[in-house]
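One-letter residues, chain by chain:
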Amino acid sequence: MIAILAFLFATAFPSSSRTSWMRPESFHLTIGMRREAVMSTLKEYGWKPQKTKSGDLSVDYSDDKSFTLHFEHDRLHAIRFELYTIVGQAQAAFDEQRAFLRDTWGAPKKVAAPNLLLYDDRLPNVMVVLTDDPKSEYGRKGIGVLVVRYYDPR
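Residues numbered from 1 in each chain as written. Predicted model: local features only at pLDDT ≥ 70, side-chain atom pairs only at ≥ 80, totals over all residues. Heavy atoms only, no water.

## Points about the nonpolar core
Spelled out, the test is: Within this scheme, the nonpolar core is defined by two criteria: the residues are buried Ala, Val, Leu, Ile, Met, Phe, Trp, Tyr or Cys, and they are joined through side-chain atoms within 4.5 Å. Relative accessibility decides the category of a residue: with a 1.4 Å probe and only protein chains considered, values under 20% of the type maximum give buried, values over 50% give exposed, and everything between is partly exposed. Each helix corresponds to a stretch of at least 4 residues labelled H or I by DSSP, and each strand to a stretch of at least 2 residues labelled E; elements are numbered beginning at the N terminus. In this analysis, two residues are considered to be in contact whenever any of their non-hydrogen atoms come within 4.5 Å of each other.
By size, the foremost hydrophobic cluster in this structure holds 31 residues, and its most contacted members are Leu-29, Leu-69 and Phe-81. Residue assignment for this core shows that the elements contributing at least two residues are α2 (35-44), β2 (57-62), β3 (65-72), β4 (75-86), α3 (90-105), β5 (116-119), β6 (125-131) and β7 (143-151). The contact partners of Phe-81, leaving out residues within four places of it in the chain, are Trp-21, Met-22, Arg-23, Pro-24, Phe-27, Ser-66, Phe-67, Leu-146, Val-147, Val-148 and Tyr-150.

## Quick notes on the side chain of Thr-19
Short version of the rule: Side-chain atoms alone can form a polar contact between residues adjacent in sequence; in general such a contact is a pair of N or O atoms within 3.5 Å, and within protein one must be able to donate a hydrogen while the other accepts it.
Here Thr-19 is to be found in the loop between α1 (2-10) and α2. A distance of 2.8 Å separates polar atoms of two side chains, one belonging to Thr-19 and the other to Glu-96. When residues no more than four places from it in sequence are discounted, the contact partners of Thr-19 are Ala-93, Glu-96, Gln-97 and Leu-146.

## With respect to the confidence of the model for the protein
For clarity, the cut-off: What pLDDT reports is the predictor's confidence in each residue, on a scale of 0 through 100.
In this model, the protein carries an average pLDDT of 89, and 90% of its residues clear a pLDDT of 70 or more. Confidence drops under pLDDT 50 across residues 1-14; counting only partners more than four residues distant or on other chains, this segment forms nine contacts.

## Observations regarding the pairing of β7
To keep things clear, this is the line we draw: By definition, two strands form a pair when at least two bridges between them are found by DSSP.
Both β4 and β7 contribute to a ladder of nine bridges, which runs antiparallel. Across the sheet, the residue bridging to Tyr-84 is Val-145, located in β7.

## A short note on the sheet that holds strand β1 (residues 50-51)
Each strand in a sheet pairs with its neighbour through backbone hydrogen bonds, running either in the same direction (parallel) or in the opposite one (antiparallel). Inclusion rule: Whenever a helix is involved, its axis is fitted only over the stretch in contact; in every case the axis is a line through C-alpha atoms, and angles between N-to-C directions fall within 0 to 180 degrees.
Spatial ordering of the open sheet is given by β1-β2-β3-β4-β7-β6-β5, a layout of seven strands whose pairing is antiparallel. Only two strands of the sheet have a single neighbouring strand rather than two, namely β1 and β5. In the packing of α2 onto the sheet, the strands contacted are β2, β3 and β4, and the crossing angle to β3 comes to about 155°.

## Some points on unusual backbone geometry
That bond from Leu-123 to Pro-124 is cis: its omega, -5°, falls within 30 degrees of zero. With respect to the secondary-structure elements, Pro-124 resides in the loop between β5 and β6. With a phi angle near 60°, Asp-74 is a residue other than glycine that sits in the positive phi range. By secondary structure assignment, the location of Asp-74 is in the loop between β3 and β4.

## A closer look at the pairing of β6
Sheet topology note: the β5/β6 ladder contains four bridges and is antiparallel. The residue of β6 that forms the bridge with Leu-116 is Val-129. Relative to β7, β6 runs antiparallel, the two being bridged by seven bridges. By the bridge assignment for β7, Asn-125 is matched with Tyr-151.

## Looking at the packing of aromatic side chains
Stated precisely, the cut-off is as follows: Aromatic rings from Phe, Tyr and Trp, with only the six-membered ring used for Trp, were paired whenever their centres fell within 6.5 Å, and each pair was classed as stacked if the ring planes differed by under 30 degrees, edge-to-face if by over 60, and tilted otherwise.
Summed over the entire model, instances satisfying the criterion amount to twelve aromatic pairs. Between the aromatic rings of Phe-27 and Phe-67, the centroid separation amounts to 4.4 Å while the plane-to-plane angle is 40°, which identifies the pairing as tilted. In this pair, Phe-27 is assigned in the loop between α1 and α2 and Phe-67 in strand β3, connecting sequence segments 40 residues apart. Phe-27 sits in the buried class, given a relative accessible area of 5%. Between the aromatic rings of Trp-105 and Tyr-119, the centroid separation amounts to 5.7 Å while the plane-to-plane angle is 75°, which identifies the pairing as edge-to-face. Here the residue Trp-105 occupies a position in helix α3, and Tyr-119 occupies one in strand β5, the gap between them amounting to 14 residues. Judged by its relative accessible area of 25%, Trp-105 falls in the partly exposed class.

## Side note on α3
Owing to its 3.6 residues per turn, the α-helix aligns residues three or four sequence positions apart on the same side. Test applied: For a helix, the expected span equals 1.5 Å multiplied by the residue count minus one. Taking the helix axis as origin, the arc is that swept by the directions to the C-beta atoms.
Taking 1.5 Å of rise per residue, 16 residues should cover 22 Å, and α3 covers 22 Å from first to last C-alpha, within 8% of that figure. Buried residues of α3: Ala-90, Ala-93, Phe-94, Gln-97 and Leu-101, and no others. Burial along α3 is one-sided: seen end-on, the buried residues are contained in an arc of 100°. In α3, the exposed positions angled more than 90 degrees off the buried face are occupied by Ala-92 and Asp-103. Where α3 is buried, its residues touch β4, β5, β6 and β7. Gly-106 occupies a position one or two residues after α3 and carries a positive phi of about 90°.

Below, the structure written as C-alpha coordinates:
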(Lines give C-alpha, C1' and ligand atoms only; values in the text may rest on other atoms or scores of the structure.)
Protein backbone atom coordinates (compact mmCIF):
# COMPACT_ATOMS: atom_id res chain seq x y z
CA MET A 1 0.00 0.00 0.00
CA ILE A 2 2.81 2.44 0.87
CA ALA A 3 4.49 1.73 -2.48
CA ILE A 4 1.26 2.52 -4.33
CA LEU A 5 0.81 5.80 -2.44
CA ALA A 6 4.45 6.75 -3.09
CA PHE A 7 3.95 6.06 -6.80
CA LEU A 8 0.77 8.14 -6.90
CA PHE A 9 2.47 11.09 -5.18
CA ALA A 10 5.46 10.84 -7.54
CA THR A 11 3.37 10.69 -10.71
CA ALA A 12 2.64 13.82 -12.71
CA PHE A 13 -1.12 14.30 -12.55
CA PRO A 14 -3.03 16.15 -15.24
CA SER A 15 -4.08 19.57 -14.02
CA SER A 16 -5.69 22.62 -15.50
CA SER A 17 -2.83 24.60 -13.95
CA ARG A 18 0.41 24.73 -15.93
CA THR A 19 2.41 26.08 -12.98
CA SER A 20 1.07 24.69 -9.69
CA TRP A 21 3.92 22.16 -9.62
CA MET A 22 6.51 25.00 -9.78
CA ARG A 23 6.68 25.48 -6.00
CA PRO A 24 9.03 23.93 -3.43
CA GLU A 25 6.12 22.73 -1.29
CA SER A 26 4.83 20.66 -4.22
CA PHE A 27 7.85 18.42 -3.62
CA HIS A 28 7.91 18.75 0.19
CA LEU A 29 11.09 20.85 -0.01
CA THR A 30 12.13 24.11 1.61
CA ILE A 31 15.08 26.37 0.97
CA GLY A 32 17.67 25.76 3.68
CA MET A 33 16.97 22.01 4.08
CA ARG A 34 19.99 19.82 4.69
CA ARG A 35 21.12 17.82 1.66
CA GLU A 36 20.40 14.51 3.45
CA ALA A 37 16.81 15.57 4.16
CA VAL A 38 16.32 16.67 0.55
CA MET A 39 17.68 13.39 -0.79
CA SER A 40 15.55 11.39 1.65
CA THR A 41 12.41 13.32 0.67
CA LEU A 42 13.06 12.88 -3.05
CA LYS A 43 13.71 9.17 -2.60
CA GLU A 44 10.59 8.76 -0.45
CA TYR A 45 8.42 10.16 -3.26
CA GLY A 46 10.18 8.25 -6.04
CA TRP A 47 12.21 11.07 -7.60
CA LYS A 48 15.65 10.19 -8.94
CA PRO A 49 17.83 13.30 -9.25
CA GLN A 50 20.72 13.26 -11.70
CA LYS A 51 23.94 15.18 -11.15
CA THR A 52 24.54 17.98 -13.67
CA LYS A 53 27.87 19.14 -15.09
CA SER A 54 27.85 22.02 -12.61
CA GLY A 55 27.33 19.68 -9.65
CA ASP A 56 23.66 20.56 -9.13
CA LEU A 57 20.93 17.92 -9.09
CA SER A 58 18.28 17.81 -11.80
CA VAL A 59 14.93 16.00 -11.77
CA ASP A 60 12.85 15.40 -14.89
CA TYR A 61 9.26 15.87 -13.75
CA SER A 62 7.84 15.08 -17.19
CA ASP A 63 8.79 15.53 -20.84
CA ASP A 64 8.34 19.29 -20.65
CA LYS A 65 9.02 19.98 -16.96
CA SER A 66 12.10 19.72 -14.77
CA PHE A 67 13.61 21.21 -11.66
CA THR A 68 17.18 21.76 -10.55
CA LEU A 69 18.46 21.81 -6.98
CA HIS A 70 21.50 23.87 -6.00
CA PHE A 71 23.26 23.28 -2.69
CA GLU A 72 25.71 25.42 -0.76
CA HIS A 73 27.38 24.16 2.42
CA ASP A 74 25.20 21.01 2.21
CA ARG A 75 22.00 23.04 2.39
CA LEU A 76 19.41 23.60 -0.34
CA HIS A 77 20.22 27.08 -1.58
CA ALA A 78 17.98 27.29 -4.67
CA ILE A 79 15.34 25.41 -6.64
CA ARG A 80 14.85 26.27 -10.30
CA PHE A 81 11.68 25.02 -12.00
CA GLU A 82 11.67 24.90 -15.81
CA LEU A 83 8.65 24.56 -18.10
CA TYR A 84 9.32 24.07 -21.83
CA THR A 85 6.51 24.70 -24.26
CA ILE A 86 5.79 25.89 -27.79
CA VAL A 87 6.67 29.52 -28.49
CA GLY A 88 3.63 31.65 -27.81
CA GLN A 89 2.20 29.34 -25.13
CA ALA A 90 4.67 30.17 -22.36
CA GLN A 91 3.05 33.60 -21.90
CA ALA A 92 -0.12 31.99 -20.51
CA ALA A 93 1.95 30.03 -17.98
CA PHE A 94 3.82 33.24 -17.03
CA ASP A 95 0.49 35.04 -16.52
CA GLU A 96 -0.77 32.17 -14.34
CA GLN A 97 2.40 32.25 -12.22
CA ARG A 98 2.18 36.05 -11.92
CA ALA A 99 -1.43 35.78 -10.69
CA PHE A 100 -0.50 33.11 -8.13
CA LEU A 101 2.43 35.13 -6.75
CA ARG A 102 0.41 38.34 -6.66
CA ASP A 103 -2.41 36.60 -4.76
CA THR A 104 0.09 34.98 -2.39
CA TRP A 105 2.70 37.71 -1.85
CA GLY A 106 1.33 40.90 -3.38
CA ALA A 107 2.87 42.98 -6.12
CA PRO A 108 6.40 42.12 -7.31
CA LYS A 109 9.29 44.55 -7.26
CA LYS A 110 9.13 47.01 -10.14
CA VAL A 111 11.63 46.01 -12.85
CA ALA A 112 12.14 47.29 -16.37
CA ALA A 113 11.62 43.94 -18.13
CA PRO A 114 7.99 42.86 -18.74
CA ASN A 115 9.05 39.18 -18.82
CA LEU A 116 10.60 39.24 -15.33
CA LEU A 117 9.03 39.07 -11.87
CA LEU A 118 11.11 39.58 -8.73
CA TYR A 119 10.23 39.14 -5.08
CA ASP A 120 13.33 40.03 -3.07
CA ASP A 121 11.72 41.43 0.07
CA ARG A 122 11.30 38.04 1.77
CA LEU A 123 12.97 34.66 2.10
CA PRO A 124 13.16 32.79 -0.06
CA ASN A 125 13.47 35.27 -2.90
CA VAL A 126 11.55 34.37 -6.05
CA MET A 127 12.45 35.21 -9.63
CA VAL A 128 10.26 34.34 -12.62
CA VAL A 129 11.65 34.65 -16.15
CA LEU A 130 9.78 34.17 -19.41
CA THR A 131 11.60 33.42 -22.65
CA ASP A 132 8.97 33.37 -25.35
CA ASP A 133 10.59 35.46 -28.08
CA PRO A 134 10.70 33.70 -31.48
CA LYS A 135 14.03 35.49 -32.14
CA SER A 136 15.76 34.10 -29.03
CA GLU A 137 18.01 31.03 -29.10
CA TYR A 138 15.20 28.76 -27.89
CA GLY A 139 12.56 30.66 -29.87
CA ARG A 140 14.30 29.94 -33.17
CA LYS A 141 13.83 26.26 -32.30
CA GLY A 142 10.14 26.89 -31.52
CA ILE A 143 10.57 26.57 -27.75
CA GLY A 144 9.21 28.91 -25.08
CA VAL A 145 10.57 28.61 -21.53
CA LEU A 146 9.23 29.67 -18.14
CA VAL A 147 11.69 29.51 -15.24
CA VAL A 148 10.71 30.02 -11.60
CA ARG A 149 13.60 30.17 -9.14
CA TYR A 150 13.24 30.14 -5.34
CA TYR A 151 16.53 31.00 -3.65
CA ASP A 152 18.33 32.33 -0.61
CA PRO A 153 20.25 35.47 -1.65
CA ARG A 154 22.73 35.17 1.21
